[in-house]
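Residues per chain are reported as follows:
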Amino acid sequence: MLVSRNNVSSMMKAPKGIRLHIAIFGRRNTGKSSVLNTLTHQNISIVSDVAGTTTDPVEKAMELLPIGPVLFIDTAGLDDAGALGELRIKKTYSVFERADVVLLVTEANIWGEYEEKEKVLECCKALTKLLMTPENQQRALEYANKAITIYYDLEDIDAAIEFGLEVVVDGLIYIEETDIAIQWVDYIQNLAKAAYSEKEPDKWVQIGLKCADRLIILNIYDKAVTFIKTALEHEEDIEKKVGLCEKYATQMLEAKNNQSAQELANTAVNYLYSAQQPKKAAEFSLKFAQILFDQQQYALADQYIRYSASLFDALGETEAALQAYLDSYPAFIEAKEVEYGTALAQ
């Protein structure tokens, strides 16, 4: 490829942010700096036989044909030791987060446990993100599966699940691969169930709800409700149960899914009844009626107002029952829902 001097000059002035970032990683004294110097044909990084010569990331902007403007980044050894070593490793990982391409440098003919697990994991994560496009998603998922396998080898289940949701599932949602995203939500939910449902139920609840959130984005409402209910079974606090039902019922209403909204609202009422809190069940029904009213679901709002009033009446709180009707009447009239307003007044 022939490039004029003017074009080269223009590309050399390209801002750092738009250049392809190529980061060089590896253990100490594996020759990372030598690789950078060889690629750039310059003595950019200091080279010595002393392990840990490179202490901070070293950057070199240049034109790499036929790719274009790039930024090479040499890094400190990922096996650095001591308090300062830990700080250097953190800086190195921060480079990884912004790298577009990763070069892993190892000793000749040595591919040890360190490269296989810790650092190959980082490469797999980066390649999953990089390849998560409609054209390359199959390759991205191959690297994602490899990453999760290594996470399990390292016994870091939390990170495996977080990666599966925030990188893989969210990436698939972004590129609109709905069916595969649903499969991965199921996969992550099963991983979490095996790991946490018995030993750490609170964590299991949170992951189940995160899975439900993704399903709602994908408009898979029935499965989302199932995930929500399963998560709620492991939640012991009745107020949290009811609050979550209200939250997701409202989301379902906003998504115009009245059936799922009612199912979750009724679940909340059942929880309160099971906890022998019928008055709170009546209060919740009245509160949900207001949410329905705000969403202009007047027929459903009318049903929950009547249900709330019947609960109050059954408790012998006739005044509260009448107040539920009286408070709702003006709102229906103002909304020009005269039929419901008149019926309540009668």
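What counts, and where the lines are drawn
Residues numbered from 1 in each chain as written. Predicted model: local features only at pLDDT ≥ 70, side-chain atom pairs only at ≥ 80, totals over all residues. Heavy atoms only, no water. Helix = DSSP H or I, 4+ residues; strand = E, 2+ residues; numbered from the N terminus. Buried < 20%, exposed > 50% of the residue type's maximum accessible area, 1.4 Å probe, protein only. Contact = heavy atoms within 4.5 Å. Core = buried A, V, L, I, M, F, W, Y, C linked by side-chain atoms within 4.5 Å. Expected span 1.5 Å × (residues − 1). Polar contact = N/O pair within 3.5 Å; in protein donor to acceptor, adjacent residues only side chain to side chain. Pairing = 2+ DSSP bridges. Axes fitted to C-alpha atoms, helices over the stretch in contact; angles between N-to-C directions. Phe/Tyr/Trp six-rings, centres within 6.5 Å; stacked < 30°, edge-to-face > 60°.

### Some details on the overall build of the protein chain
- The secondary structure content of the protein chain amounts to 15 helices and four strands.
- Classification of the 346 residues of the protein chain by burial places 43% in the buried group.
- In the protein chain, of all internal contacts separated by at least 6 residues, the share reaching a separation of at least 24 is 58%.

### Quick look at the nonpolar core
- Leu-172, Trp-184 and Phe-288 are the most contacted members of the largest nonpolar core, which totals 78 residues.
- It is helix α6 (residues 157-174) that provides the largest number of residues to this core, a total of eleven residues.
- Not counting residues up to four positions away in its chain, the partners in contact with Phe-288 are Ala-249, Leu-253, Ala-261, Ala-265 and Tyr-304.

### With respect to helix α10 (residues 238-254)
- Between the first and last C-alpha of α10 there are 25 Å, a value that for 17 residues agrees with the 24 Å anticipated at 1.5 Å per step.
- Those residues of α10 that sit buried are Lys-241, Val-242, Leu-244, Cys-245, Glu-246, Tyr-248, Ala-249, Thr-250, Met-252 and Leu-253.
- Buried residues along α10 sit against α8 (201-217), α9 (221-233), α11 (258-274) and α12 (278-294).
- For α10, the capping residue at the N-terminal end is Asp-237, with a side-chain oxygen 2.9 Å from the backbone nitrogen of Glu-239.

### A short note on the sheet that holds strand β2 (residues 58-64)
- Spatial strand order, β2-β3-β1-β4: four strands in an open sheet with mixed pairing. Where the open sheet ends on each side, the last strands, each with one partner, are β2 and β4 (101-105). In this sheet, adjacent strand axes meet at a mean angle of 25° when their direction is disregarded.
- Note: strand β1 (residues 20-26) against strand β3 (residues 68-74), five bridges, orientation parallel. Directly across from Ile-24, in β3, lies its bridge partner Asp-74.

### Observations concerning the packing of aromatic side chains
- Scanning the model with the defined rule gives four aromatic pairs in all.
- When the centroid spacing of 5.2 Å and the interplanar angle of 90° are considered together, the rings of Trp-184 and Tyr-187 count as edge-to-face. In this pair, Trp-184 and Tyr-187 both sit in helix α7 (residues 178-196), three residues apart, roughly one turn of the helix.
- Residue Trp-184 is classed as buried on the basis of its relative accessible area, which comes to 7%.
- Ring centres of Phe-288 and Tyr-304 lie 5.0 Å apart, and the angle between their planes is 75°; this geometry places the pair in the edge-to-face category. Of the two residues, Phe-288 sits in helix α12 while Tyr-304 sits in helix α13 (residues 298-314), which places them 16 residues apart along the sequence. Considered together, Phe-288 and Tyr-304 belong to a single accessibility category, that of buried residues.
- Put simply, the rings of Phe-284, Phe-288 and Tyr-304 touch in pairs and so form one group of aromatic residues.

### Focus on unusual backbone geometry
- In this structure, Asn-219 is a non-glycine residue whose phi angle is positive, near 65°.
- Structurally, Asn-219 is set in the loop between α8 and α9.
- Positive phi outside glycine occurs at Lys-256, with the angle close to 65°.
- Looking at the secondary structure, you find Lys-256 in the loop between α10 and α11.

The quantities given are spatial measurements derived from coordinates; they are silent on function.
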